[in-house]
Amino acid sequence: MFKKENTVIVVLVVVAVISGGLALWFNEISFERGQIACTMEARLCPDGSYVGRVGPKCEFSPCPSSADKETKGWTTFTDPAGAYSFKYPADWPTDYVATVDWPPKVNFISGPFTCTEGGSQIARAGETVKKLIAGREYCITKEVEGAAGTMYIQYVYATEFGDRTAYFTWTMRQPQCLNYDQPRQGECLDEENAFDPDSLMSQIVGTFKLNQ
């Protein structure tokens, strides 16, 4: 007769064999279906969030980029025809600088990206310059008009997407700060000097998705 200790050993061996067989069978089924069971690990990202492993190679998901953090809380605009979408700040945290045409209107022209620099900001066609912003090349046209102590500045940011050039057009309203008394005059000037349209458009274009 088997001793009690031998019986326990036999039971453990049988359980181990069955468990191993089930694990092997599960892995074979997962492999056939293209599924992989990833380990439950997490990686700490620089912004304090965590990401886990995902298939098919069980690699860690990418950490949220700085651009994702900068555009968090922005509104998503989707073209009615579904051709494209992008994110933009619906509410500007400003007291003096405001938008007139917002969000930017987008138009496309087929063909390679080109830029002819020249002109003047106060001319009818505006001033056009070529700029490299965050590694992307833009052709920027700026036109300034004044009316009743207020300046209206129209911006057109053109940049290449595949075999097409996208034109982002919008207008900003900016008061004549010198018409204010202090301290509002200083506040207005500080706000205008701090406003960076290039950085704003670079972030918007960074969220742009062309679906067609």
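Placed above this text is the structure.
**Remarks on helix 3 (residues 184–194)**
What helix 3 keeps buried is the set Q185, C188, E191 and E192. When helix 3 is viewed along its axis, its buried side chains cluster within an angular range of 130 degrees and face the same direction. Residues of helix 3 that are exposed and point more than 90 degrees away from the buried face comprise D190, N193 and A194. In the core, the buried residues of helix 3 are packed alongside strand 11 (164–175).

**Observations regarding the packing of aromatic side chains**
A full pass over the atoms with the stated rule returns 20 aromatic pairs. An angle of 35 degrees between the planes, with centres 5.3 Å apart, marks the rings of F77 and F86 as tilted. A residue is classified by how much of its surface remains accessible, and F86, at 1% relative accessible area, is buried. Across the ring face of F108, the terminal group of R164 is positioned such that the distance to the ring centre comes to 5.1 Å.

**Some points on the sheet that holds strand 5 (residues 84–88)**
One open sheet holds the three strands; their spatial order is 4-5-12, and the pairing between them is antiparallel. Two strands bound the open sheet, and with one partner strand each, they are strand 4 (75–78) and strand 12 (209–210). Summarising the sheet, strand 4 and strand 5 pair through four bridges and their orientation is antiparallel. Its bridge partner lying in strand 5, T75 is registered against Y88.

Conventions adopted
Residues numbered from 1 in each chain as written. Predicted model: local features only at pLDDT ≥ 70, side-chain atom pairs only at ≥ 80, totals over all residues. Heavy atoms only, no water. Buried < 20%, exposed > 50% of the residue type's maximum accessible area, 1.4 Å probe, protein only. Helix = DSSP H or I, 4+ residues; strand = E, 2+ residues; numbered from the N terminus. Arc of directions from axis to C-beta. Contact = heavy atoms within 4.5 Å. Phe/Tyr/Trp six-rings, centres within 6.5 Å; stacked < 30°, edge-to-face > 60°. Lys NZ or Arg CZ within 6 Å of the ring centre and 35° of its normal. Pairing = 2+ DSSP bridges.

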